[in-house]
Amino acid sequence: MQATEVLVVPGEFGPIRLVEYTDPISVWCWGCEPALRRIEYRYAGAVEVSYVMGGLFEDFEPMREYWSRMSGGKWKEGVLTFLTAVAGQHRMPMNAEGMMASMDDFRSTWPGCVAVKAAELAGRDAGRRYLRRLREAGLVEGRPIQRRDVQLAVAAQARIDVDRFSDALDRGSAERAFRGDLEECHRRGVQGFPTFELNRGHASLRLEGYQSWESFAEALRTLDSDLVPKDLRWEKPAILELLRTYGHCATREVAAVFGVTDDDAEILLEDLEAEGAVARRDSGLPGFWGLGKS
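Residues numbered from 1 in each chain as written. Predicted model: local features only at pLDDT ≥ 70, side-chain atom pairs only at ≥ 80, totals over all residues. Heavy atoms only, no water.

(A) Representation of the nonpolar core. Judged by nonpolar contacts, the single largest core of 66 residues is most densely connected at Leu18, Val47, Tyr130, Phe165 and Leu198. Contacts of Leu198, omitting those with residues within four sequence positions, involve Ile16, Arg17, Leu18, Ala203, Ser204, Leu205, Leu207, Ala219, Leu220 and Leu223. Judged by nonpolar contacts, the second largest core, of 19 residues, contains Ala238, Ile239, Leu240 and Val254. (Core = buried A, V, L, I, M, F, W, Y, C linked by side-chain atoms within 4.5 Å. Buried < 20%, exposed > 50% of the residue type's maximum accessible area, 1.4 Å probe, protein only. Contact = heavy atoms within 4.5 Å.)

In structure tokens form, the structure reads like this:
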């Protein structure tokens, strides 16, 4: 865990505020979703999670040229190797081949960031739902989330008012909101994504890069030694309640929320699948689980 020095001031109260500086197409940000779901679910009320769009690539062309030089002109092969390696490390479902299929007209990550801000204008929860669904569309389903038609389709899937969403894109309010996020990143010296800032009163802590849920737990304890996650029993009702809350979760997310291994999570989910209590979400979302029919 990489962290700046933290100054803890006694007597400060209130929830811990966790800010993720992120980009919807960032594969490392996607890898942190299990840890963030654990925090949202098990520290509800004690930790407030919010997001700032950082804009990973304003112009992807220099990166495309870099990969081309590194791979003897075969830049797609190089990027595919990188994406596959990242997926193997964070172990969240990710469709590297599908992502590469929409790379030819990929120019910038900024349109995706602006789309998130358009959804966020309807409220923080709406923005969070949209960001998650946009990540799934781009990283798991391989859809070109830089395109307006895909962004509108994702808005409908995330239960966002599509007319209001579209208006925010057309009138520039989403663009202005994104520019505000870029200014915040510049002001705070954030250059890599993900970057996380945790604050409580005058105490602060920064984590840079991919983080496991254990790293976050250590950071939270540094800011509040008395903070403990909500107790959850590793049993059927609690798992079903988690899936009911989020609609669907990856195996690794279930494991992170309950603090068990991926293998243990997979075994119990398969047992629940045999009962009809849960079902695999293989259509467009391989590796995810939702509630079954029983």
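(B) Local environment of the pairing of strand 1 (residues 16-22). The element strand 1 is extensively covered by neighbouring structure, given that six of its seven residues are classed as buried. Pairing analysis gives seven bridges linking strand 1 to strand 2 (residues 47-53), with the strands arranged parallel. Paired with Leu18 across the bridge in strand 2 is Val49. Bridging between strand 1 and strand 3 (residues 195-200) involves five bridges; their strand directions are antiparallel. Across the sheet, Leu18 pairs through a bridge with Leu198, a residue of strand 3. (Helix = DSSP H or I, 4+ residues; strand = E, 2+ residues; numbered from the N terminus. Pairing = 2+ DSSP bridges.)

(C) Expanded view of helix 2 (residues 33-42). The element helix 2 is extensively covered by neighbouring structure, given that nine of its 10 residues are classed as buried. Taken residue by residue, helix 2 has Glu33, Pro34, Ala35, Leu36, Arg37, Arg38, Ile39, Tyr41 and Arg42 as its buried positions.

(D) Fine view of the side chain of Thr195. Locating Thr195 in the fold gives a position in strand 3. Judged by relative accessible area, which is 3%, Thr195 ranks as buried. Within the structure, Thr195 has its side chain in polar contact with the backbone oxygen of Gly192 (distance 2.6 Å). The contacts of Thr195, once residues within four sequence positions are left out, are Val19, Glu20, Tyr21, Val190, Arg206, Leu207 and Glu208. (Polar contact = N/O pair within 3.5 Å; in protein donor to acceptor, adjacent residues only side chain to side chain.)

(E) Representation of the packing of helix 8 (residues 148-157) against helix 9 (residues 162-171) within the structure. Contact geometry of helix 8 with helix 9 gives a least axis separation of 9 Å together with a crossing angle of 145°. Crossing of helix 8 against helix 9: the hand is right-handed. In this structure, helix 8 uses Arg148, Gln151, Leu152, Ala155 and Ala156 to contact helix 9, whose residues at the interface are Val162, Phe165, Ser166, Leu169 and Asp170. In terms of residue class, the contact of helix 8 with helix 9 is built from six nonpolar, two polar and two charged. (Axes fitted to C-alpha atoms, helices over the stretch in contact; angles between N-to-C directions. Left-handed = near helix turned anticlockwise from the far one by under 90°. Nonpolar A, V, L, I, M, F, W, Y, C, P; charged D, E, K, R; others polar.)

(F) Representation of the packing of helix 7 (residues 124-140) against helix 8. Where helix 7 contacts helix 8, the axes come no closer than 9 Å and their chain directions differ by 125°. Considering the angle they form, helix 7 stands oblique to helix 8. As helix 7 runs across helix 8, the sense of the crossing is right-handed. Side by side, helix 7 and helix 8 meet where Tyr130, Arg133, Leu134 and Ala137 of the first sit next to Gln151, Val154, Ala155 and Gln157 of the second. (Parallel < 35°, antiparallel > 145°, perpendicular 65-115°, else oblique.)

(G) Region of interest: the environment of Phe216. In this structure, Phe216 sits in helix 11 (residues 213-223). Counting along the chain gives 20 residues from Phe216 to Phe196, while the straight-line C-alpha distance between them is 9.6 Å.

(H) Molecular detail of the sheet that holds strand 6 (residues 278-280). Spatial strand order, 5-7-6: three strands in an open sheet with antiparallel pairing. Among the strands making up the open sheet, the edge pair consists of strand 5 (249-250) and strand 6. Pairing geometry for strand 6 and strand 7 (residues 288-291), over three bridges, is antiparallel. Bridge pairing in strand 7 places Val278 opposite Leu291. Those strands touched by helix 12 (residues 236-246) are strand 5, strand 6 and strand 7, and its axis lies near 95° from that of strand 7.

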